[in-house]
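A look at the structure
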Amino acid sequence: MRCPSCQHENPAAANFCLNCGTKLAKVCPHCQQALPPEARFCFACGQALKVSLESRVRSLESRQDLAERRQLTVMFCDLVGSTALSAQLDPEELREVVRLYQETCTAVIQSYAGHIAQHLGDGLLVYFGYPVAHEDDAQRAVRTGLETITALHYLTPRLPHPLHVRIGMHTGLVVIGEIGSSAKREMLALGETPNIAARVQGIAEPDTVVISAATHRLVAGLFECQDLGPQALKGISTPLAVYRVIGESAAQSRFEVAVGTGLTPLVGREEELGLLQRRWTQAKEGAGQVVLLNGEPGIGKSRLMQALKEHAIAEGATRIEFRCSAYHQNSAFYPIIDHLQRLLQFAQDDAP
């Protein structure tokens, strides 16, 4: 039996703690049934037992130990004009509209591994980077925002009233852990980041995605953004630079963005680059080659391939490049579809 005071393990028959002398037996005030110290209800009569303040503090401290620091991209999505909508629709119709709205948003969020922390009435609080972190969480969040607006647009013909949303997001450090009372506890992120995300969402126009400068730095070049300038946000001491996301750019990766801004010289890869160039020479002579370049992230695979591409293009070769995407795992032919769309210059707003 564990002592409620010092947590020392005692024999089952012990009445007092062998380490600190605390009385171990707990007695039900209603039926006098002897109970173990950790009991919160009497197993004989069901009477609720008072929990000491010290036990409550220890319980809270143990829960606090589970909290952790994380970098998250926090997204707020809010339904525009929900009050007017409730006045125009019958409560049953309103419930069905909100249900379809939430299901549509959830499907998009889950496809990018987002975590819905809370349903705030007709709003959604979403974390990217919890419980599983990805190196591109900010990018996933922005893609989610854009696709949510598109998905709700396609949902409109099924609804008695068109739906519009405002979406805002910010990236930063949080402490995430259990919050709430014993009746209801939630895993929530605390810190300045969720507050800023909520304020950024508040200044967004209907059917737009607005991001903070911190999020913009992580997705710059991958999306076309409009600088909205410094904005005074409620509760934030200094104006915050924010950006409206217009859509995806032509860049397919962060490395491609870096290529456009200029790369540093390739150093110390003479042997590897020489091997690739020899295979290229053999291919030109008619002996077809396939090279698999494999390794841990960040060791320079893309930089090495860029050097080979530049070498081949300088010799007059035509390069055709296909890229897989973590966001399109359910589309086996996505690399070919994407290549044809770029080749034929299809735009997102083209009619079918």
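A brief report on the enclosed structure follows.

Criteria and cut-off values
Residues numbered from 1 in each chain as written. Predicted model: local features only at pLDDT ≥ 70, side-chain atom pairs only at ≥ 80, totals over all residues. Heavy atoms only, no water. Helix = DSSP H or I, 4+ residues; strand = E, 2+ residues; numbered from the N terminus. Rg over C-alpha atoms; globule rule 2.2 N^0.38 Å. Buried < 20%, exposed > 50% of the residue type's maximum accessible area, 1.4 Å probe, protein only. Areas by Shrake-Rupley, 256 points an atom, 1.4 Å probe, with all protein chains shown as cover. Lys, Arg positive; Asp, Glu negative; His and termini not counted. Charge placed at Lys NZ, Arg CZ, Asp CG, Glu CD. Contact = heavy atoms within 4.5 Å. Salt bridge = Lys/Arg side-chain N within 4 Å of Asp/Glu carboxyl O. Pairing = 2+ DSSP bridges. Expected span 1.5 Å × (residues − 1).

**Concerning the overall build of the chain**
Helix and strand counts for the chain stand at 10 helices and 10 strands. Rg of the C-alpha trace for the chain: 29 Å, well past the compact-globule value of 20 Å for 352 residues, more than 25% over. By its C-alpha atoms, the chain is 95 × 60 × 45 Å across when sized along the principal axes. Burial status across the chain gives 33% buried among its 352 residues. Only carbon and sulfur atoms are counted for the fraction: they give 53% of the accessible area of the chain, which is about 21,700 Å². Computing the positive centroid from 33 side-chain charges and the negative centroid from 37, the chain places the two 7 Å apart.

**A few points about the environment of Leu188**
Here Leu188 shows up in strand β7 (residues 185-190). With 121 residues separating them along the chain, Leu188 and Ala67 place their C-alpha atoms 9.6 Å apart. Those residues in contact with Leu188 that sit more than four places away from it in its chain are Ala117, Gln118, Leu125, Tyr127, Val175, Ile176, Gly177 and Ile179.

**Describing the pattern of salt bridges**
One pass over the full model with this rule turns up 11 salt bridges. When the shortest N-O distance is used, the salt bridge between Glu272 and Arg269 registers 3.4 Å. Overall, the relative accessible area of 32% leaves Glu272 in the partly exposed class. Judged by relative accessible area, which is 29%, Arg269 ranks as partly exposed. Arg323 is the partner of Glu321 in a salt bridge, and the nearest nitrogen-oxygen pair spans 2.9 Å. Under the relative-accessibility criterion, Arg323 is labelled partly exposed at 25%.

**Here we look at the pairing of strand β10 (residues 240-248)**
Of the pairings in the sheet, the one linking strand β8 (residues 208-212) to β10 comprises four bridges and is antiparallel in character. Looking at β10, one finds that Ile211 is bridged to Tyr243. Where strand β9 (residues 223-231) lies against β10, eight bridges are found, and the strand directions are antiparallel. Directly across from Gln231, in β10, lies its bridge partner Leu240.

**Notes on the pairing of strand β5 (residues 123-128)**
The buried count for β5 comes to six of six residues, which makes it a mostly enclosed element. Where burial is concerned, the two faces of β5 agree: the one with Gly123, Leu125 and Tyr127 and the one with Leu124, Val126 and Phe128 are both buried. Note that strand β3 (residues 68-79) and β5 share six bridges and pair antiparallel. Looking at β5, one finds that Val74 is bridged to Tyr127. Sheet topology places strand β4 (residues 115-120) next to β5; five bridges connect them, and they run antiparallel. Across the sheet, residue His119 finds its bridge partner in β5, namely Leu124.

**Describing helix α4 (residues 137-155)**
For α4, built from 19 residues, the straight-helix expectation of 27 Å at 1.5 Å per residue is met to within 8% by its first-to-last C-alpha distance of 26 Å. A large share of α4 lies buried, amounting to 14 of its 19 residues.

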